[in-house]
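# Overview (structure and organization)
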Amino acid sequence: MPEGSSLDEASAAPDRDHMAALEKGLAVIECFDASHDKLTIAEVARATDLSRAAARRCLLTLAKIGYAEFDGKFFRLTPRVLRLGHAWLASSALPQLVQPFLERLSEETHESSSASLLDGHEIVYIARSQQRRIMSVGLSVGTRLPAFCTSMGRVLLAALPPDEARRRMLAGRPRARTAQTETDIDELLAILAEVRGQGYAIVDQELELGLVSLGVPLINQRNEVVAAFNLSGQVQRTSAADIAAQFLPRMQAMQTMLRPLIK
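Residues numbered from 1 in each chain as written. Predicted model: local features only at pLDDT ≥ 70, side-chain atom pairs only at ≥ 80, totals over all residues. Heavy atoms only, no water.

## Some details on the confidence of the model for the chain
Model confidence for the chain is summarised by a mean pLDDT of 89, while 90% of its residues fall at 70 or above. When the criterion is pLDDT under 50, residues 1–13 qualifies, and its contacts beyond four places in sequence or with other chains add up to three contacts. (pLDDT = per-residue confidence, 0-100. Contact = heavy atoms within 4.5 Å.)

Listed below in structure tokens is the structure:
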């Protein structure tokens, strides 16, 4: 190491490359969602923990380059923001790889199937084949749902070290979506241990009443869990007690076929 340098300086070097302005701008984009499609400067500042001045600069910059619009009071995102998500979809082989498998699975089972990735304390849908609408809220590529109460989320959380799974669930501040939603962290960790052992997760009406889901991990050539996929349906057609017996063999066959294809 050159004279005058140190390990501390080397470890601190990446911080000099950190663009705080870019981080703030992305945080501003992320605070818009289905429940907050239009926001004031003050609301954005509260949602992002930025000062009003910083939130204002970010919003006006986004408006100037076409990612937001301003009506004099409220800011809204524009369709140009879709370029950001499309850039990932276009550059990643995984969604294109799993889509035909999901479509075949849905055709064989007559149930809707999806694939997702873990992002923080949420899952993000990257592919979907829908047989019928199963939730009151429409699901599509890009949809985010809490990981702790979804079958795919529990499969993905179970692949993490328990301390990391705990940290992520706590960060999401679990709240009950139905009377059956488990929110106690210790109980959830016990459920994740069971999921880890059996290799799949069943969620019975914890996300939405009437909805049951079976989730299985997608594993790559190095035996790493990289994503998850599921089948979801209504309890009137398929109960939680029956869903694994009916569909797990098909899903495990799909898992086996995809493993050598996922890098």
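Text resumes after the structure shown.
## Observations concerning the pattern of salt bridges
For the structure shown, the criterion picks out eleven salt bridges. Here Asp-71 makes a salt bridge to Arg-76, at a shortest N to O gap of 3.4 Å. The class of Asp-71 is partly exposed, set by a relative accessible area of 47%. Here Arg-76 falls in the partly exposed class, since its relative accessible area comes to 26%. Between Asp-119 and Arg-144 there is a salt bridge, with its nearest N and O atoms 2.6 Å apart. Of this pair, Asp-119 sits in strand β3 (residues 112–119) while Arg-144 sits in strand β5 (residues 144–146), and the two are 25 residues apart along the sequence. (Salt bridge = Lys/Arg side-chain N within 4 Å of Asp/Glu carboxyl O. Buried < 20%, exposed > 50% of the residue type's maximum accessible area, 1.4 Å probe, protein only. Helix = DSSP H or I, 4+ residues; strand = E, 2+ residues; numbered from the N terminus.)

## Quick notes on the packing of aromatic side chains
Scanning the model with the defined rule gives one aromatic pair in all. Summarising the aromatic geometry, the rings of Phe-70 and Phe-75 are spaced 4.1 Å apart at their centres and angled 15° between planes, so their arrangement reads as stacked. Using a relative accessible area of 40% as the deciding quantity, one classes Phe-70 as partly exposed. For Phe-75, a relative accessible area of 1% corresponds to the buried category. Over the ring of Phe-74 we find Lys-38, and its NZ or CZ is 4.7 Å from the ring centre. Sitting above the plane of the Tyr-67 ring, Arg-80 keeps its charged end 5.3 Å from the centroid. (Phe/Tyr/Trp six-rings, centres within 6.5 Å; stacked < 30°, edge-to-face > 60°. Lys NZ or Arg CZ within 6 Å of the ring centre and 35° of its normal.)

## Things to note about helix α4 (residues 52–64)
Here α4 contains 13 residues, and its C-alpha end-to-end distance of 18 Å stays within 8% of the 18 Å for a straight helix at 1.5 Å per residue. For α4, every residue scored as buried is listed here: Ala-54, Ala-55, Cys-58, Leu-59 and Leu-62. Each buried residue of α4 sits inside an arc of 130° when the element is viewed along its axis, so together they form one side. Exposed and facing more than 90 degrees away from the buried side of α4 are Arg-52, Arg-57 and Lys-64. Looking at the buried side of α4, the elements it contacts are α2 (20–30), α3 (41–48), β1 (68–70) and β2 (75–77). In the stretch just after α4, Gly-66 is the one whose phi turns positive, near 95°. (Expected span 1.5 Å × (residues − 1). Arc of directions from axis to C-beta.)

## Structural notes on the sheet that holds strand β6 (residues 201–204)
Sheet architecture is open: six strands sit in the order β5-β4-β3-β8-β7-β6, paired in antiparallel fashion. Each edge of the open sheet carries a strand with a single partner, namely β5 and β6. Taking the axes of each pair of neighbouring strands and ignoring which way they run, one obtains an average angle of 30° across the sheet. Bridge count between β3 and strand β4 (residues 122–129): seven bridges; the pairing is antiparallel. For Ala-115, the partnering residue across the bridge sits in β4 and is Ala-127. (Pairing = 2+ DSSP bridges. Axes fitted to C-alpha atoms, helices over the stretch in contact; angles between N-to-C directions.)

## Points about the packing of α2 against α4
Each pair of packed helices gets described by two things: the angle between the helix axes and the distance between those axes. For the pair α2 and α4, interaxial distance at closest approach is 9 Å and the crossing angle is 80°. One finds that α2 runs roughly perpendicular with respect to α4. Here Lys-24, Gly-25, Val-28 and Ile-29 of α2 lie close against α4, whose contacting residues are Cys-58, Leu-59 and Leu-62. When its residues are assigned to classes, the contact of α2 with α4 shows five nonpolar, one polar and one charged. (Parallel < 35°, antiparallel > 145°, perpendicular 65-115°, else oblique. Nonpolar A, V, L, I, M, F, W, Y, C, P; charged D, E, K, R; others polar.)

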